[in-house]
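Chain by chain, the residues:
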Amino acid sequence: MSKIINIALGVVGAALLIGVGFLIYFHFHPKPPSTELGISYQRWSDAVSTNPDDSFSRANLAKTLLQMGNTDRAIQEFKTAIDQQPKNFEYMFQLGLAYVQAKDNANALDQFKQAADLAPAGSKYNYQFEAAQTAFNMGDLQTALTYVQASIKDSDVLWNSHYLLGQIYEKQGNKAQAKQEYQAAEKFVPGDQDLEAALKRVSG
């Protein structure tokens, strides 16, 4: 019996990883041409119509809708996908991005926090960074500081995290630490104009 359960869990885990991978692909790749979006929309729309309980198809329909600019419907589809899989942190992350697009930072921050809480160690950093960036955009420097530091601690692979941390320190008037973080970010992207300008501001 335990062997059967292990196999079943393995299938569920593989399906989740495939779903996460598909959504991450959409997040980091440019918006496809409208004809491709139309094909994608029809594919996922048909899949959802055939099986309304398929959260994977629904989440990808939502992502396609978001890319098409139909933010309100995308949010509703992501919410339904999360209702179907309440612990799917990637769906929460994507819903957070949809809220950002809708300029609803409060709900976006809540989704990024939930995604960060549920994601395994070593995979939290992107969700934590988005939470930090959203909090920073809202003027909540303490929350931004907490989450960006957590992002760097979880996995120091995002130059943006050091840049954001530098911005927070700069706003707090701590030029020495701001400079240190800007220099750390510069190691990832040497010659970046924004970083060079930031370093000049805190080096005077």
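Residues numbered from 1 in each chain as written. Predicted model: local features only at pLDDT ≥ 70, side-chain atom pairs only at ≥ 80, totals over all residues. Heavy atoms only, no water.

## Some words on the environment of valine 100
For valine 100, the position within the fold is in helix H5 (residues 89-101). A residue is classified by how much of its surface remains accessible, and valine 100, at 35% relative accessible area, is partly exposed. Valine 100 sits 34 residues away from threonine 134 along the chain, and the two C-alpha atoms are 8.1 Å apart. Leaving out residues up to four positions away in the same chain, valine 100 has contacts with Ala108, Phe112 and Thr134. (Helix = DSSP H or I, 4+ residues; strand = E, 2+ residues; numbered from the N terminus. Buried < 20%, exposed > 50% of the residue type's maximum accessible area, 1.4 Å probe, protein only. Contact = heavy atoms within 4.5 Å.)

## Points about helix H4 (residues 71-84)
Between its terminal C-alpha atoms H4 stretches 20 Å, which fits the 20 Å expected from 14 residues at 1.5 Å a residue. Residues of H4 that are buried include every one of Thr71, Ala74, Ile75, Glu77, Phe78, Ala81 and Ile82, and no others. Down the axis of H4, the buried set is contained in an arc of 165°. They therefore lie on one face. Looking at H4, the residues exposed on the side facing more than 90 degrees away from the buried face are Asp72 and Asp83. Buried residues along H4 sit in contact with helix H3 (55-67), H5 and helix H6 (105-118). (Expected span 1.5 Å × (residues − 1). Arc of directions from axis to C-beta.)

## Quick notes on the pattern of salt bridges
Summed over all chains, the structure comprises three salt bridges. Between glutamate 77 and arginine 73 there is a salt bridge, with the nearest N and O atoms lying 3.6 Å from each other. Of the two residues, glutamate 77 and arginine 73 both sit in helix H4, four residues apart, roughly one turn of that helix. We note a salt bridge from arginine 201 to glutamate 170, for which the minimum N-O separation is 2.7 Å. Residue arginine 201 is found in helix H11 (residues 193-203), and its partner glutamate 170 is found in helix H9 (residues 159-171); the two are separated by 31 residues along the sequence. Glutamate 170 gets classed as partly exposed once you look at its relative accessible area, which sits at 23%. Linked through salt bridges whose partners overlap, the residues forming this network are Arg58, Arg73 and Glu77. (Salt bridge = Lys/Arg side-chain N within 4 Å of Asp/Glu carboxyl O.)

## Things to note about the packing of H9 against H11
Two elements in contact, H9 and H11, have axes separated by 12 Å at closest approach and are oriented at 30°. Between H9 and H11, the interaxial angle falls into the category roughly parallel. When you trace H9 past H11, the crossing you get is left-handed. On H11, the residues that touch Trp159, Tyr163 and Glu170 of H9 are Asp194, Leu195, Ala198, Arg201 and Val202. (Axes fitted to C-alpha atoms, helices over the stretch in contact; angles between N-to-C directions. Parallel < 35°, antiparallel > 145°, perpendicular 65-115°, else oblique. Left-handed = near helix turned anticlockwise from the far one by under 90°.)

## Quick word on the nonpolar core
Core analysis: the biggest nonpolar cluster contains 50 residues, and Tyr127, Leu164, Ile168 and Tyr182 have the highest contact counts within it. A per-element tally of this core places H5 first, with eight residues. When residues no more than four places from it in sequence are discounted, the contact partners of isoleucine 168 are Phe136, Leu141, Ala144, Leu145 and Val148. (Core = buried A, V, L, I, M, F, W, Y, C linked by side-chain atoms within 4.5 Å.)

## Some remarks on the packing of helix H10 (residues 175-188) against H11
In the contact formed by H10 and H11, the axes pass within 9 Å of each other and the chain directions differ by 155°. Between H10 and H11, the interaxial angle falls into the category roughly antiparallel. Read as a crossing pair, H10 and H11 show a hand that is left-handed. Between H10 and H11, the residues in contact are Lys175, Ala178, Lys179, Tyr182, Gln183, Ala185 and Glu186 and Leu195, Glu196, Ala198, Leu199, Arg201, Val202 and Ser203, respectively.

By themselves these figures say nothing about function.
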